[in-house]
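An overview of the molecular structure
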Amino acid sequence: MLVEKNVPLQALNTFRIVAKAHALVRIGSQADVQTLLASAELGAQPKFILGGGSNIVLTGDVKPLVLKVEIKGRRLVKETGKTYVVEAGAGENWHDFVRWTLEQGYPGLENLALIPGTVGAAPVQNIGAYGVELQDRFDSLDAVDLQTGQIFTLDAAQCAFGYRDSVFKHTAAPGSAGLGLAGRALITQVRFALPKPWKPVLGYADLERRMSEEGVTQPTAMQLLEWVCAIRRAKLPDPAVIGNAGSFFKNPTVTPEQCADIIARDPKVVYYPLLDGSIKLAAGWLIDACGWRGKTVGHAGVYEKQALVLVNHGEATGGEVMTLARAIQTSVYERFGIRLEPEPVVV
Ligand code: EPU
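Let me sum up the structure you'll find in this document.

Rules of the game
Residues numbered from 1 in each chain as written. Predicted model: local features only at pLDDT ≥ 70, side-chain atom pairs only at ≥ 80, totals over all residues. Heavy atoms only, no water. Pairing = 2+ DSSP bridges. Helix = DSSP H or I, 4+ residues; strand = E, 2+ residues; numbered from the N terminus. Near = heavy atom within 4 Å. Areas by Shrake-Rupley, 256 points an atom, 1.4 Å probe, with all protein chains shown as cover. Nonpolar A, V, L, I, M, F, W, Y, C, P; charged D, E, K, R; others polar. Domains from an automatic or database assignment. Buried < 20%, exposed > 50% of the residue type's maximum accessible area, 1.4 Å probe, protein only. Polar contact = N/O pair within 3.5 Å; in protein donor to acceptor, adjacent residues only side chain to side chain.

1. Looking at the sheet that holds strand S16 (residues 279-281)
The three strands are arranged S14-S16-S15 in an open sheet whose pairing can be described as antiparallel. Two strands close off the open sheet at either side, each with one partner strand: strand S14 (253-254) and strand S15 (271-273). Where S15 lies against S16, three bridges are found, and the strand directions are antiparallel. For Pro-273, the partnering residue across the bridge sits in S16 and is Ile-279.

Now the structure itself:
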């Protein structure tokens, strides 16, 4: 296997943070993973799995062996009365895959258009946007256990999806029977169950506004995809132009009592009641209310049009990004008593 040494990672993370991988191997197939694990030199080394690099903050050079996942392929696996099951290699670009499914006549992923990253990274944080989460369209995935070399398949329940969360973000507590697959499972293929007949998922305020502006009452999947792209382009920075990792914090959930307390002090707070009785607050609003929009620490900044997104104004280090993130957490905690939890993985 070709092991590349001292590989610059700036182009391989969407935050565009300067860092190096001490060693990097490109993974093009399941067989590549098994060859690597069988290697006397590489098999036992600590490893770090890198997809599209769209959900990480690099705070220094990466010492574990970087496995850059480049597994390709897209195909219809089967068609049933209720679904098209479509599979993609983990290294496929997410947005290109979404567009391809629509072009092939398998709609259902359009609300998730333009999310940066790869197909293999999508289940890790259960990506979501405009009323759809990956788990709503998920069928199953294949992965290789980096400790044992075993190939295994997980269904949705086994992935333990939550809000921007899955079994792939957790390590199993020592001695616990629970599954934790962080750093252990290298996802190779993901399958999606796209519902038949297709129904648009509307209801999100930005989409409803588009619909009335365009005078369309029954949009096609492709129209929805274009609207989602336009909304994202207007609000979110394009990582090709300005480095970022999307939303930097999760939207926190609070009890109705906590929410009532905040409303009493800040009637404009943006919140969404959830089905389980808890309430989700817009973290972007909380950060904005603390005056952070457009502020900077060194070369790291808070995006001018969306306070939930931290950006790299040129040469930001991971340390600067994290200093800014901690300052934001402190001021939101001091004003609202709420602890914001970062969404990206800090490496
Ligand atoms: N808001 C402000 N000020 C700001 C930012 C937001 O007042 O600076 C308010 C907005 O006015 C709006 C509310 O906060 O009323 C929510 O904002 P928005 O609709 O932009 O959505 P979000 O909660 O900030 C979430 C996801 C995004 C996803 C959008 C659309 C999270 C952490 N983020 O953002 O996901 O695209 O909804 O569904 O759940 C990502 O995860 O990387 C991501 C971009």
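Next comes the rest of the account.
2. Digging into the site of the ligand
Of all residues adjacent to the ligand, which total 23 residues, the nearest are Tyr-130, Tyr-163, Ser-247, Asp-288 and Ala-307. Against a free-state accessible area of 830 Å², the protein chains account for coverage of 82% of the ligand. The set of elements that each furnish at least two residues to the shell around the ligand consists of strand S8 (128-129), helix H5 (221-235), strand S13 (243-247) and helix H7 (283-289). Of all the elements, H7 adds the most residues to the shell around the ligand, at three residues. Among the residues making up the shell around the ligand, the classes are represented as 11 nonpolar, six polar and six charged. When residues of the shell around the ligand are sorted by domain, at least three fall in each of domain 2 (74-195) and domain 3 (243-346).

3. A look at the environment of Pro-239
Residue placement: Pro-239 occurs in the loop between H5 and S13. Judged by its relative accessible area of 15%, Pro-239 falls in the buried class. Through-space distance from the C-alpha of Pro-239 to that of Leu-286 is 24 Å; in sequence the pair is 47 residues apart.

4. Considering helix H2 (residues 94-103)
In an α-helix, one turn spans 3.6 residues; hence positions three or four apart end up facing the same way. Across the 10 residues that make up H2, a large majority, seven, are buried. Between a side-chain oxygen at the N-terminus of H2 and the backbone nitrogen of His-95 the separation is 3.1 Å; the capping residue is Asn-93.

5. Some remarks on the environment of Ala-205
In this structure, Ala-205 sits in helix H4 (residues 205-214). Residue Ala-205 is classed as partly exposed on the basis of its relative accessible area of 47%.

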